[in-house]
Amino acid sequence: MTSQPVSGRLRSRSAKLRAAPVGALAIPVVVIAIVAVTYPLLPLSDAGAQSLADGLRPPAWARGGSWAHPLGTDQLGRDVLARLAAGARLTLVIALLGTIASAIPGIMLGMLAGYKGGCVDAVISRLVDAQLALPYLLLAIGIQSVGGRSLTVLILVLALIGWAPFTRVVRAEVLSLRTRPFVLGLRCAGVSTPRLLMRHILPNIAGTVLVMATLQIGTVILAESALSFLGLGVVSPQISWGTMLAEGRDTLVHGWWVAAVPGAAISLLLLSTNLLGDALRTRFDPGNKEF
Amino acid sequence: MIGIRLAAILGRAAATLLLAVTIAFLLTRISGDPARAMLGDNATADQLSTMHAQLGLDRPLVAQYLSFIGDLARGDLGTSLRYGEANLDLIVDRSTYSVQLASVAIVIAVLLGVPLGVIAALREGGLVDRVASAAALLGQSIPLFWLGQMLVLLFAVNWGLLPAGQATGVSSLVLPAITLAMLPLAHIARLTRSGMSEVMRSAFVMAARARGLPSWRIVLVHALRSAALPVVTVVGLQLGVLISSAVAVELVFAWPGLGSLATEAVERRDFPLVQAVVVAGAAALVLINLTVDILYTVIDPRVRDGRS
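Given the structure is predicted, the values throughout are model-derived calculations rather than measurements. (Residues numbered from 1 in each chain as written. Chains lettered and ligands numbered in written order. Predicted model: local features only at pLDDT ≥ 70, side-chain atom pairs only at ≥ 80, totals over all residues.)

Visitor: I keep staring at the overall build of chain A and nothing clicks. Help me out?
Guide: The helix and strand inventory of chain A stands at eleven helices and zero strands. Helices and strands in chain A line up, N terminus first, as α-α-α-α-α-α-α-α-α-α-α. Taken along its principal axes, the extent of the C-alpha atoms in chain A is 75 × 50 × 35 Å. Classification of the 291 residues of chain A by burial places 46% in the buried group. (Helix = DSSP H or I, 4+ residues; strand = E, 2+ residues; numbered from the N terminus. Buried ≥ 20, exposed ≤ 12 C-beta atoms within 10 Å, placed from the backbone.)

Here it is, written out as structure tokens:
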């Protein structure tokens, strides 16, 4: 560290400021998760129940709205709040599965590339470059136009989009761990490579991976909502916030809330995961630790 | 020295492009049967085999791949099934709109993002700094196409100030360009801020101060140039992200660019066109990264003189 004493003090103070409310930042995520899990128990109307006579009722606070539908209804008279709660479930499931599905191969390849080096590293790094050189949304469109629309294809597409950043970060971490005395010692002691990677290297990069995964959840949610918006994501009658956005597109002029509500929900969720990721990064980054 | 570097950069770009194109080819073949996707589930075996023959899907995968690469090398991206035109012509046609939109968006992002980052770095913890970092965070968290819809709602539907969509002159560029600029703007501001605050503490800036150079000169000429390097990289990377986010944003604004071409192609089940757009997108991205690499070599005195 070459920073001046003054800036060092400043930095540690701002680090403390940012690291403090990790718990608070997680509140929206936790609330959304609780809603997603307990959704069937909540006193909400049926998310799929149509009532054309009640179509496009505005939210309760707007003129003409009522508390029967606190967030209004969509074109088919379905309660937006109920759909929001129902959609939280699939949105979170997709976000989690998509992140896990991209993290596992991403971490494996990153550890291999960083630890083995040489030829293996060259091939994997080239693959990462190539993957990052593909415009992900176009690639997803290409795959889904052929593979059809199902949850499995969607998760696979999200994994394909998301593995490369994990690989890149993990590779860099392992590269610096490889020459550390404890690793060299274990190697001399004859510990096998898989065991070394899984038992000794992996725990050392867990913090970084956690931060990456938190930030990646946001990317996955964005990708899912974009795909659903383009009509390539989740299929009706299943509801995700992305499909709600897509439905809102047609009623933008006469019922802004149909699109505004799920978009605001996605933004809130993303804001929360991004802040959480930043806070975790501050906490795990050795450069920000206080001495 | 610089010649060798450039040759290496070119070679790497070519390898990346080949790999990216191969991935695009494989994924669109492995993930399902394009003929079935185009004809729907009710297609008869006869129809399927005719379509297979028409698309060359009845041949072994390796043969398909080789002729695909061969065609690509000759600049042939196949023919669209629905338009009956060469895919390349369609893509070139539409990409002028995409380039227009993307470049205006990037210019907005740089013109706003760099000054924001510089001011935030010079007054760390100040009002501009806090507002900028909050805005940067918001920019990264809002789905762009949704932001676009909300802008349409306010500026076009409610206030009637700007057109809601389609390419009808300069005013129709404003909303989609601002929407697209949000994400790169956030990244550029963040990066400029962290780069500048680091550079301002570095030895050479202190040396410049010691020699009595005026502050504006230190900031604008010396520090900014040094902090500009990562910004150049991020502009390149952001152009890549832009290609992706433009797909949905173009749909919102009915902007006739590559993104809408892709969505139209999917809706009309025009598989050759879908594949061509993916390949074209990858090629554009590789080209952008190549430009960034070369620019990097030219801007950075350490890299340029082989002192890295």
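Picking up after the structure, the text goes on.
Visitor: In this structure, what is going on with the overall build of chain B? I would like to understand it.
Guide: When helices and strands are counted, chain B shows 13 helices and zero strands. Taken from the N to the C terminus, the helices and strands of chain B come in the order α-α-α-α-α-α-α-α-α-α-α-α-α. By principal-axis analysis of the C-alpha atoms, chain B measures approximately 80 × 60 × 30 Å. A burial count over chain B gives 40% of its 308 residues as buried.

Visitor: Honestly, the interface of chain B and chain A in this entry has me stumped. Any pointers?
Guide: One frequently used descriptor of interface size is the decrease in accessible area upon assembly of the parts. With 44 residues of chain B at the interface, the matching set in chain A holds 43 residues. Of all the secondary-structure elements, those providing two or more residues to the side of chain B that touches chain A are α1 (2-30), α2 (34-39), α6 (127-141), α7 (144-158), α10 (215-253), α11 (258-267) and α12 (271-299) of chain B. With ten residues, α12(B) is the largest single contributor of residues to the side of chain B that touches chain A. In terms of residue class, the side of chain B that touches chain A is made up of 30 nonpolar, 13 polar and one charged. (Contact = placed C-beta atoms within 7 Å. Nonpolar A, V, L, I, M, F, W, Y, C, P; charged D, E, K, R; others polar.)

Visitor: Just checking my understanding: could you explain the nonpolar core for this structure?
Guide: Within soluble globular proteins, side chains that are nonpolar tend to cluster in buried spots. Ranked by internal contacts, the top residues of the largest apolar core, which has 168 residues, are A140(A), A20(B), A24(B), A248(B), A262(B), V277(B) and A282(B). The residues touching A262(B), leaving out its near neighbours within four places in the chain, are L138(A), I141(A), V247(B), V274(B) and V277(B). (Core = buried A, V, L, I, M, F, W, Y, C linked by C-beta atoms within 7 Å.)

Visitor: Quick question: what am I supposed to make of the confidence of the model for chain A here?
Guide: The predicted structure's coordinates, where accompanied by low pLDDT, should not be read in detail. All names here are of chain A. Per-residue pLDDT for chain A averages 81, and the proportion of residues at 70 or more is 90%. Here helix α1 (residues 5-19) is the element of chain A with the lowest mean pLDDT, 47, and helix α4 (residues 80-116) is the one with the highest, 91. Note that pLDDT drops below 50 for residues 1-13; the model gives that stretch six contacts with residues more than four away or on any other chain. (pLDDT = per-residue confidence, 0-100.)

Visitor: Where do I start with the packing of helix α5 (residues 87-122) of chain B against α6(B) in this structure?
Guide: Helix packing geometry: the angle between the two helix axes and the distance between the axes. All names here are of chain B. Where α5 contacts α6, the two axes come as close as 7 Å, and the packing angle between them is 130°. With respect to their mutual orientation, α5 and α6 come out oblique. As α5 packs across α6, the resulting crossing turns out to be left-handed. Side by side, α5 and α6 meet where L116, I119 and A120 of the first sit next to V128, D129 and A132 of the second. A breakdown of the residues in the contact of α5 with α6 according to their chemical character gives five nonpolar, no polar and one charged. (Axes fitted to C-alpha atoms, helices over the stretch in contact; angles between N-to-C directions. Parallel < 35°, antiparallel > 145°, perpendicular 65-115°, else oblique. Left-handed = near helix turned anticlockwise from the far one by under 90°.)

Visitor: Would you take a moment to explain helix α10 (residues 241-250) of chain A for this structure?
Guide: Residues that lie three or four places apart on an α-helix share one face, since the helix turns once every 3.6 residues. Most of α10(A) is tucked away: eight of the ten residues are buried. Elements that come into contact with the buried residues of α10(A) comprise α4, α9 (193-229) and α11 (256-284) of chain A together with α7 of chain B.

Visitor: In this structure, what is going on with the environment of A88(A)? I would like to understand it.
Guide: Along the chain, the position of A88(A) falls in helix α4. Apart from residues lying up to four places away in sequence, A88(A) is in contact with I32(A), V35(A) and A36(A).

Visitor: I keep staring at the confidence of the model for chain B and nothing clicks. Help me out?
Guide: All names here are of chain B. When pLDDT is averaged along chain B, the result is 82; 96% of the residues meet or exceed 70. Ranking the elements of chain B by mean pLDDT puts helix α13 (residues 301-304) last, at 61, and α5 first, at 88. Both scores are given for the predicted complex: the pTM is 0.80, the ipTM 0.77.

Visitor: Before we go on, may I ask you to explain the environment of V220(A) in this structure?
Guide: All names here are of chain A. Mapping V220 onto the fold places it in helix α9. Residue V220 is classed as buried on the basis of its 26 C-beta neighbours within 10 Å. For V220 and L92, which are 128 residues apart along the polypeptide, the C-alpha to C-alpha distance reads 10.0 Å. Apart from residues lying up to four places away in sequence, V220 is in contact with A95, G98, T99, L158 and G162.

Visitor: Any chance you could explain the packing of helix α7 (residues 151-177) of chain A against α9(A) here in plain terms?
Guide: Residue and element names in this part refer to chain A. At a closest axis distance of 10 Å, the pairing of α7 and α9 adopts a crossing angle of 155°. Taken together, the axes of α7 and α9 are roughly antiparallel relative to one another. Once α7 is placed against α9, the crossing between them reads as right-handed. Of α9, the residues touching α7 (which contributes L158, I161, G162, P165, F166, V169, V170, E173, V174 and L177) are I201, N204, I205, T208, V209, M212, Q216, T219, V220, A223 and E224.

Visitor: Teacher, can you tell me more about the environment of V30(A) here?
Guide: Locating V30(A) in the fold gives a position in helix α3 (residues 27-38). In the structure, V30(A) is positioned 223 residues away from V253(A) in sequence and 33 Å away in space, judged by C-alpha atoms.

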